Structures are given as C-alpha cells and as structure tokens.
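Single-letter residue listing:
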Amino acid sequence: MNVFLLRSSASAEVVNHVRRLSTTSTKNVKVAVCGASGGIGQPLALLLKQSPLVTKLSLYDIVHTPGVAADLSHIDSPAVTSGHNGPENLKDALSGMDVVIIPAGVPRKPGMTRDDLFNTNASIVRDLAEACAKYCPKALIGIISNPVNSTVPIASEVLKKAGTYDKRRIFGVTTLDVVRSNAFIAEAKKLDPRKVNVPVIGGHAGITIIPVISQATPSVSFEKNQLEALTLRIQDAGTEVVKAKAGSGSATLSMAYAGARFAFSLCKAINGESNVVECAYIASDITESPYFATPIKLGKDGVADNLGLGKLSSYEQDLVQAAIPELQKSIKKGEDFVNKSS
Ligand SMILES: NC(=O)c1ccc[n+]([C@@H]2O[C@H](COP(=O)([O-])OP(=O)(O)OC[C@H]3O[C@@H](n4cnc5c(N)ncnc54)[C@H](O)[C@@H]3O)[C@@H](O)[C@H]2O)c1
Ligand SMILES: O=C(O)C[C@H](O)C(=O)O
C-alpha cells in the first residue's frame, strides 16, 4: 500500500479517535438529592441511579435515607449510592457534589396554593442552601420545592450572604410545565409526544406559568377558545393532580421524570455537550421581574446563554405582563424572608 495513504489514513484514524474521546469522554458527575425519601425524591433517585451519566448518587433526607439508599444500591448500575440522614450528616451528603437537586418540603393539599407552603418550605430551602454554600459552593442547584417563585430567591439570598452566589448556578426546576405542555399538545393534535417541544416561560404558579404555544415544534395552531383552554389547563395542571390525589400529595412521578430530565441536562452540560437547552426559572434581566423562566443554553458552569423570550404572540405578551407583578411579589417575599429575619 502507498505509504503516504497508509500514513494519512492512520493519522485520520487518530484524529477521529481523539475526536471521539473528546466528545464521549465523561467527567464523573456527582449528584445529590435533598428530600430523597419523599414522593418525588424516591422515584427521582431511582431514575438517577439507572443513568450512566451519574457516577455518585448522594441521598439526603431527615428520615428513611438509610433504607432508600440500601435499596437503590442493589441495582447493578455504576452510580455509587450513599444515604445520609439528618442535618449532622449534610457535610458528608454534599461535599464534592456537582449537582444538587432539592425536592425537600411539604406538598399541597386540595384547596391550598403553592404560596401556602411558604411558611414550612422557606426555612427548609434556606437551611439546605446554607449547607450547599458550605459544602459544595460550586454545585449547580436545581430547586423543586414550592413555592418555586420564592424558594429560588430564598436560596439565592442565602448564597449571596455566604459569598458563594453565582447566578449561573441556581435554577428553579420548571421542566414539569414543559413536559405537561408537550403531553397535552401531543394529545390534542394526535402527535408523538416525544417529538413535541413547547417552551414554558415565566414562573411556576398559576398565571405565572406561560406556555409559548406559538413557538411549539412542530408548529401547531388552535382556535382562540381552544388555545385559552389549553393554556389554562397547563397553568392548573398541578392543581389537577392535587385534586385527583385527594389529600395524599401532589405530582410526584411526573415530577421525578421531569426532575431527572433536568438533572441529566445539567450532567450533559457539565460533560461539555453542546446545545443542551432547558427552560428554567433563573435570575434574569429579560423582563422587569428579577427572576424569570426562559429557555437556557446550559454549560459546565450552569447558565451559558439565556435564550430569552423569542417572538411572542400578542396573547402571550399579555400573559407575560399579567405574570410580572405576581412574580415580583413572590420574589420580594422570598428575599425578605432571608434578609429581614437576620
Ligand atoms: N417544581 C415543581 O414542578 C414541583 C412539582 C411537584 C412538587 N413540587 C414540590 O416538591 C416538594 C416535595 O414534594 P413531595 O411530593 O416529594 O413531598 P413529600 O412530603 O412526599 O417529600 C418531601 C420530603 O422532604 C423531606 N424533608 C422535609 N424537610 C427536610 C429537610 N429539612 N431536609 C431534607 N429533607 C427534608 C421529607 O422528609 C420528605 O421525605 C413540595 O414542596 C412540592 O410542592 C414541585
Ligand atoms: O401543584 C403542586 O403543588 C406541585 C407542583 O408545583 C406541580 O406543578 O405539580
């Protein structure tokens, strides 16, 4: 064989090999779940445990973590699983973590708003954020605990006080709103739900949840009354589950699915995968609300690029205007909780 050809094909192979390595080589991603024994925490931990993206899975709660961890650790997947019970074990639970997902706190019962959970959940999130500041200050933090519109500002204020705040690293997990929008639109239009993608912007409570159906892929259109009914169903979907569960809690399984999707996107971004996009509620200067959910391009340090609102229909613009005062109120309530109580 021609030596030149042999050399060039060999070097092409090396280049391809290095390329393959650089695109497939993975960092060990260590993920913690705080609230791991709960209705969301357990199925979320199961989904995380079965993914090769997660190499260490640290489960923290104030009850039952030894059992949950022992159970999951018998699954033959790579993630090394540990359980940590009670605040005295937060250091072990969080040290060295790259990603922390927080579903700790009480869920709604019928007749309650998410804001009715503030009195209990605000201090739970505050204390967990303090622990993150101490033991894993560089972690990407995804907050599921409600009311998300306030708990994200609470955690942010705590991190600011601790001197570890990096606005790129803290997210309110709103993925369930996207998952629901995809499911409901696929159902209405008889599409494959795996192929539908609807951005959801704003926040995570009632009128602050804004599905941007005009930007759905594939493109879909509805009569005005059908569009309004669909938007309302997405905004009230959490309440639909709370009512159906009749006092035994709120969405857990769909939330675990959505939380795992969000956590995997963070893991992929940490591993250098490009074009990882998720909607999330983050510190934002896109609107007059200091926190606002939009599609975000994720990178290894969290938010790499806020993709903004895109082109909104006039109906969606009105929804944004209606959401802003409510978001501002919830954000101030969260910030005051940290700053006025100390
Ligand atoms: N962001 C969303 O889209 C979304 C969706 C569904 C539920 N939620 C919220 O998620 C939260 C959890 O819901 P759930 O159904 O899993 O509730 P759950 O009561 O089943 O579980 C909560 C868990 O948190 C634990 N916990 C309580 N205090 C803690 C602390 N200080 N540190 C660590 N763990 C603690 C409890 O022991 C329990 O295991 C609720 O606030 C709910 O409203 C958010
Ligand atoms: O509705 C709730 O209280 C839980 C959650 O925020 C949801 O949207 O399902």
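Bear in mind the structure is a predicted one, so any value in this text is a computation, not a measurement.

Enquirer: Can you explain the overall build of the chain? Please cite residues and give values.
Expert: In terms of helices and strands, the chain carries eleven helices and eleven strands. When the backbone C-alpha atoms are referred to their principal axes, the chain occupies close to 75 × 55 × 35 Å. Per-residue burial over the chain gives 50% buried out of 342 residues. For the chain, contacts bridging at least 24 residues in sequence account for 69% of all contacts bridging at least 6. Counting 37 positive and 31 negative side-chain charges, the chain places the centres of these two groups 4 Å from one another.

Enquirer: Could you give me a rundown of the site of ligand 2, with the residues and numbers involved?
Expert: As a structural note, the neighbourhood of ligand 2 is formed by Arg108, Arg114, Asn146, Leu176, Arg180, His204, Gly238, Ser250 and Ala251. A distance of 2.6 Å is found between an oxygen atom of ligand 2 and a side-chain nitrogen or oxygen belonging to Arg108. Arg114 places a polar side-chain atom, nitrogen or oxygen, 2.8 Å from an oxygen atom of ligand 2. Coverage of ligand 2 by the protein amounts to 95% of the 260 Å² it exposes when considered alone. A class-by-class count of the residues in the shell around ligand 2 yields two nonpolar, four polar and three charged.

Enquirer: Describe the site of ligand 1, naming the residues involved and giving the relevant values.
Expert: As a structural note, the neighbourhood of ligand 1 is formed by 28 residues, with Gly39, Ile40, Asp61, Val106 and Asn146 the closest of them. In the environment of ligand 1, a nitrogen atom lies 3.1 Å from a nitrogen or oxygen atom belonging to the backbone of Ile144. At 3.3 Å from a nitrogen atom of ligand 1 is found a main-chain nitrogen or oxygen belonging to Val173. Looking at the shell around ligand 1, the elements with two or more residues in it are β2 (56-61) and α5 (118-135). Across the shell around ligand 1, the residue classes break down as 16 nonpolar, eleven polar and one charged.

Enquirer: Break down the side chain of Asn146 for me, citing the residues and quoting the values.
Expert: With respect to the secondary-structure elements, Asn146 resides in the loop between β5 (140-143) and α6 (148-162). A distance of 3.3 Å separates a polar side-chain atom of Asn146 from the backbone nitrogen of Val148. Excluding residues within four positions of it along the chain, Asn146 makes contact with Arg114, Leu117, Asn121, Thr151 and His204.

Enquirer: Can you explain the environment of Gly96? Please cite residues and give values.
Expert: Secondary-structure assignment places Gly96 in the loop between α4 (90-94) and β4 (99-102). The class for Gly96 is partly exposed, based on a relative accessible area of 44%. Separated by 67 residues in sequence, Gly96 and Val29 have C-alpha atoms that sit 9.8 Å apart. Setting aside chain neighbours within four positions, we find Gly96 in contact with Lys30 and Tyr135.

Enquirer: Before we move on, can you summarise the pattern of salt bridges with the specific residues and values?
Expert: Enumeration according to the criterion identifies 16 salt bridges in this entry. In this structure, Lys300 engages Asp301 in a salt bridge whose closest nitrogen and oxygen atoms are separated by 3.4 Å. Residue Lys300 is classed as exposed on the basis of its relative accessible area, which comes to 56%. Residue Asp301 is classed as partly exposed on the basis of its relative accessible area of 24%. The salt bridge partner of Asp336 is Lys340, with a shortest N-O separation of 3.7 Å. Looking at Asp336, the relative accessible area reads 23%, which means it is partly exposed. Taken together, the salt bridges that share partners define one network made up of Asp166, Arg168, Arg169, Lys300 and Asp301.

Enquirer: Describe the domain arrangement of the chain, with residues and values.
Expert: Along its sequence, the chain is carved into domain 1 (26-173) and domain 2 (175-332). Residue-level contacts link 40 residues of domain 1 with 43 residues of domain 2. Summed over both sides, the interface between domain 1 and domain 2 buries roughly 3,500 Å², with carbon and sulfur atoms accounting for 68% of that surface. Counting the contacts that link domain 1 with domain 2 gives two salt bridges. Notably, a salt bridge pairs Arg168 with Asp301, separated by 3.8 Å at the nearest N-O pair. Joining domain 1 to domain 2, the criterion identifies eleven residue pairs in polar contact (both at pLDDT 80 or more). Examining the composition of the side of domain 1 that touches domain 2, we find that eight residues originate from one element, α6, more than from any other.

Enquirer: Talk me through the pairing of strand β1 (residues 30-34); I want residue IDs and the actual numbers.
Expert: Among the five residues of β1, four are classified as buried, and the element is accordingly described as predominantly covered. Pairing analysis gives five bridges linking β1 to β2, with the strands arranged parallel. In the strand pairing of β2, Lys30 is matched with Lys56. The parallel pair β1 and β2 is bridged by helix α2 (residues 41-49), and the resulting crossover is right-handed. With three bridges joining them, β1 and β4 adopt parallel strand pairing. Looking at β4, one finds that Ala32 is bridged to Val100.

What counts as what
Residues numbered from 1 in each chain as written. Chains lettered and ligands numbered in written order. Predicted model: local features only at pLDDT ≥ 70, side-chain atom pairs only at ≥ 80, totals over all residues. Heavy atoms only, no water. Helix = DSSP H or I, 4+ residues; strand = E, 2+ residues; numbered from the N terminus. Buried < 20%, exposed > 50% of the residue type's maximum accessible area, 1.4 Å probe, protein only. Contact = heavy atoms within 4.5 Å. Lys, Arg positive; Asp, Glu negative; His and termini not counted. Charge placed at Lys NZ, Arg CZ, Asp CG, Glu CD. Near = heavy atom within 4 Å. Polar contact = N/O pair within 3.5 Å; in protein donor to acceptor, adjacent residues only side chain to side chain. Areas by Shrake-Rupley, 256 points an atom, 1.4 Å probe, with all protein chains shown as cover. Nonpolar A, V, L, I, M, F, W, Y, C, P; charged D, E, K, R; others polar. Salt bridge = Lys/Arg side-chain N within 4 Å of Asp/Glu carboxyl O. Domains from an automatic or database assignment. Buried area = accessible area lost by both parts, 1.4 Å probe. Pairing = 2+ DSSP bridges. Right-handed = clockwise from strand over helix to strand, strands pointing away.

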